[in-house]
Protein chains: 2
Amino acid sequence: MNGSTTVEDYVKTIYGHTEWQPESITPSALAARMGLAASSVTEMVKKLAASGLVTHVPYGAITLTDQGRALALRMVRRHRLIETWLVESFGYGWDEVHDEAEVLEHALSDRMLDAISRQLGQPTRDPHGDPIPAADGTVRLPDAVLLSQASDGHRGAVVRISDRNPELLRWLDEHAVRLDAPIEVIERRPFGGALAVLVDGHPLDLGSDAAAAIWLAA
Amino acid sequence: MNGSTTVEDYVKTIYGHTEWQPESITPSALAARMGLAASSVTEMVKKLAASGLVTHVPYGAITLTDQGRALALRMVRRHRLIETWLVESFGYGWDEVHDEAEVLEHALSDRMLDAISRQLGQPTRDPHGDPIPAADGTVRLPDAVLLSQASDGHRGAVVRISDRNPELLRWLDEHAVRLDAPIEVIERRPFGGALAVLVDGHPLDLGSDAAAAIWLAA
DNA sequence: TCCCAAATTTCGGCATGCCGAAATAATACG
DNA sequence: CGTATTATTTCGGCATGCCGAAATTTGGGA
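Small disclaimer: the values here were computed from a predicted structure and weren't measured.

J.: Go over the overall build of chain A, please, and point to the residues and values.
T.: Counting its regular elements, chain A contains eight helices and nine strands. Rg of the C-alpha trace for chain A: 18 Å, near the compact-globule value of 17 Å for 218 residues, within the 12% margin. Summarising its shape, the C-alpha atoms of chain A cover approximately 55 × 45 × 30 Å along the three principal directions. Looking at chain A as a whole, 44% of its 218 residues are labelled buried. For chain A, contacts bridging at least 24 residues in sequence account for 62% of all contacts bridging at least 6.

Okay, here's the thing in structure tokens:
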């Protein structure tokens, strides 16, 4: 079957491409993100457009409709709530929650989801610091800057750590770069985006990968 | 896609047909249980046989192999553990757990399942009193008789209440027929299997449906 | 034993999603 | 402005699972 699961994944991926901007993406980028052939994407997008989830000008970009965005937010809420749940109630680590959540977001009923949200105290951030959309689709955007764009001397607390890279997540975890850990930028390298920072008072040299994965409270 | 989910459902259904006897079933009975056309079953059974999960003599019965039984037991364990979990941790009623479990049994990882089992204290019976197979496939059969076969004067405690009939489950629940509630058979009707019994000391007239759904500790 | 009815299987078809190769459109650059 | 590169779409095909209709097999009864 899976009719629904596939649609949900497409929509969520389109949304995730540029979470803070108009949700549009080119077919090739979408194909790359989903690990599919471009031709598969073209076909599926045709169906998504037919059901009113996206708009698509031929040879142009794919953009979520309001309906598509609503579905995407529903899936993002599910994913992040489940990740939080796995960490809080099942002892999963940051780096271990993604795959399980990827499956469960399509399988849990709304009733379970509600119960889980209640058990967790209606959280609004997931273990990576990403906002968990409310059930009505409302999202509170974090007031944050990308760490690699922060200026020398900038100080604040980590508010978001990108998932999807288990190795990096473990490295960050080992070096005490955790959600809400205070960070101060002490040196800014001219090229490549690498930074030296203070994390919890200790100097640390962040590669550009790590810097790109961290958002700093403004 | 679902390659695996479908196989799991077939095997579980074959097993469930005659849980306490050799696990074999005719194609038509299997089709009826699964709500599928007979032709679909024929085709799928061919594939199950090819992967060594069942044996099948053409035009004859379908029988689980050891490998098939192992997979079936794995799925039964998952189903019953999940049902127990939904009742214990999420406030579901007896009659509400089946559909959710039907989905989740294919979606939860072994890791989650283990954690759930641990959180529940490694239960060996589900909310209906059915045995939960151990992770290694071991099943402890309840030492019980079918209530409708119990003789007049027979007394014991309810040990099993069949699921899959929400209306009946609610009726039983309302009349205090719960797992482990003591029952005494006070009158046995000659035809139809209906019984009058004492439940928790109160006389109650059980229709034949209810009687067929209840097992009594011997 | 022979034949009929019921059960089972075979066959062509359909829907979903995916792929690679070939065709086509858009874009970029000289 | 024209062409070459790149992106996108179209097309035929494949795999999984399902269906109904048309064989085929089985088993019981006359």
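The discussion continues.
J.: For the sheet that holds strand S3 (residues 62-64) of chain B, give the residues involved together with the corresponding values.
T.: Residues and elements named next belong to chain B. Strands sit in the order S1-S3-S2 across an open sheet of three strands; the sheet is antiparallel. One side of each edge strand has no neighbouring strand; the edge strands of this open sheet are strand S1 (24-25) and strand S2 (54-56). Sheet topology places S2 next to S3; three bridges connect them, and they run antiparallel. Bridging from a neighbouring strand, Thr55 pairs with Thr63 of S3.

J.: Just give me the short version of the relation of the copies chain A and chain B, but keep the residues and values in it.
T.: Once turned by 180 degrees and shifted 0.0 Å along the axis, chain A lies on chain B with an RMSD of 0.1 Å. Such values leave the two copies arranged in the relation of a two-fold axis. Taken as a fraction of all interface residues of chain A, those also at the interface in chain B reach 100%, which identifies the copy contact as same-surface.

J.: So what about the nonpolar core? Which residues, and what values?
T.: Among the nonpolar cores identified, the biggest contains 32 residues, and Trp85 and Met112 of chain A together with Trp85 and Met112 of chain B are the most heavily contacted of them. For this core, the secondary-structure elements that each account for two or more residues are helix H4 (66-90), helix H5 (97-104) and helix H6 (110-119) of chain A together with helix H4 (66-90), helix H5 (97-104) and helix H6 (110-119) of chain B. Apart from the residues within four sequence positions on either side, Trp85 of chain B is in contact with Trp85, Phe90 and Met112 of chain A together with Phe90, Leu104, Leu108, Met112, Ile116 and Leu120 of chain B.

J.: I'd like a description of the environment of Thr13 of chain B, backed by residues and values.
T.: Residue and element names in this part refer to chain B. Looking at the element boundaries, Thr13 is found in helix H1 (residues 3-17). Exposure remark for Thr13: the relative accessible area of 15% places this residue in the buried category. Remark: the alpha-carbon pair of Thr13 and Ile25, spanning 12 residues in sequence, is separated by 9.5 Å.

J.: Let's hear about helix H7 (residues 166-174) of chain A: which residues, and what values?
T.: Residue and element names in this part refer to chain A. Three or more residues of H7 are buried, namely Leu168, Leu169 and Leu172. Viewed along the axis of H7, the buried residues span an arc of 100 degrees, placing them on a single side of the element. Away from its buried face by more than 90 degrees, H7 exposes Glu167 and Glu174. Buried positions along H7 lie against strand S5 (155-161), helix H8 (208-212) and strand S9 (214-217). Looking one or two places after H7, you find Ala176, whose phi comes out positive at around 65 degrees.

J.: I'd like a description of the packing of aromatic side chains, backed by residues and values.
T.: Under the defined criterion, the tally for this structure stands at three aromatic pairs over all chains. When the ring of Trp85 of chain A is compared with that of Trp85 of chain B, the centres are 6.0 Å apart and the planes differ by 20 degrees; the resulting orientation is stacked. Highlighted residues: Trp85 of chain A in helix H4 and Trp85 of chain B in helix H4, drawn from two different chains. Of the two residues, Trp85 of chain A and Trp85 of chain B, neither departs from the other in class, the shared state being buried. A centroid spacing of 5.2 Å and a plane angle of 85 degrees characterise the contact between Trp85 of chain B and Phe90 of chain B, whose relative ring orientation is edge-to-face. Phe90 of chain B matches Trp85 of chain B in its accessibility class, with the two residues each being buried.

J.: Describe in detail the packing of H4 of chain A against H6 of chain A, supporting the description with residues and values.
T.: Residues and elements named next belong to chain A. Interhelical geometry of H4 versus H6 gives an angle of 50 degrees and a closest axis separation of 10 Å. By the angle between their axes, H4 is oblique relative to H6. Of the two elements, H4 crosses H6, and the hand of that crossing is left-handed. Only Asp110, Met112, Leu113, Ile116 and Ser117 of H6 make contact with H4, whose side of the interface consists of Arg74, Arg77, Arg78, Leu81 and Trp85.

Cut-offs and rules
Per chain, residues are indexed from 1 in the order of the written sequence. Chains and ligands are labelled sequentially in the order written, the chains with letters from A and the ligands with numbers from 1. Where local features are concerned, this predicted model is filtered to residues with pLDDT of at least 70; where side-chain atom pairs are given and counted, the filter is 80 or more; whole-chain, interface and lining totals use all residues. As a convention, hydrogens and water are excluded, and side-chain values are obtained from all of the structure's heavy atoms. In this text, helices come from DSSP runs of H or I with a minimum length of four residues, and strands from runs of E with a minimum of two, each type numbered from the N-terminal end. Every radius of gyration here is taken over C-alpha atoms, with the globule rule written as 2.2 Å times N^0.38, N being the number of residues. Relative accessibility decides the category of a residue: with a 1.4 Å probe and only protein chains considered, values under 20% of the type maximum give buried, values over 50% give exposed, and everything between is partly exposed. Every residue pair with non-hydrogen atoms within 4.5 Å of one another is taken to be in contact. In this scheme, strands are said to pair when DSSP sees at least two bridges between them. Copy-to-copy superposition: least squares on the C-alpha atoms, limited to residues that have pLDDT of at least 70 in both copies. To qualify as a nonpolar core, a set must consist of buried Ala, Val, Leu, Ile, Met, Phe, Trp, Tyr and Cys residues joined through side-chain atoms within 4.5 Å. The arc in question is formed by the directions pointing from the helix axis toward the C-beta atoms. Aromatic pairing here means that ring centres of Phe, Tyr or Trp (its six-membered ring) are within 6.5 Å. Orientation follows from the plane angle: under 30 degrees is stacked, over 60 is edge-to-face, and everything else is tilted. Lines fitted to C-alpha atoms define the axes here, with helix axes fitted over just the stretch in contact, and angles between the N-to-C directions of these axes take values from 0 to 180 degrees. Here roughly perpendicular refers to angles of 65 to 115 degrees, roughly parallel to angles under 35, roughly antiparallel to angles over 145, and oblique to all remaining angles. Crossings are sorted by hand: turned counterclockwise from the far helix by less than a right angle, the near helix makes the crossing left-handed, and turned clockwise it makes it right-handed.

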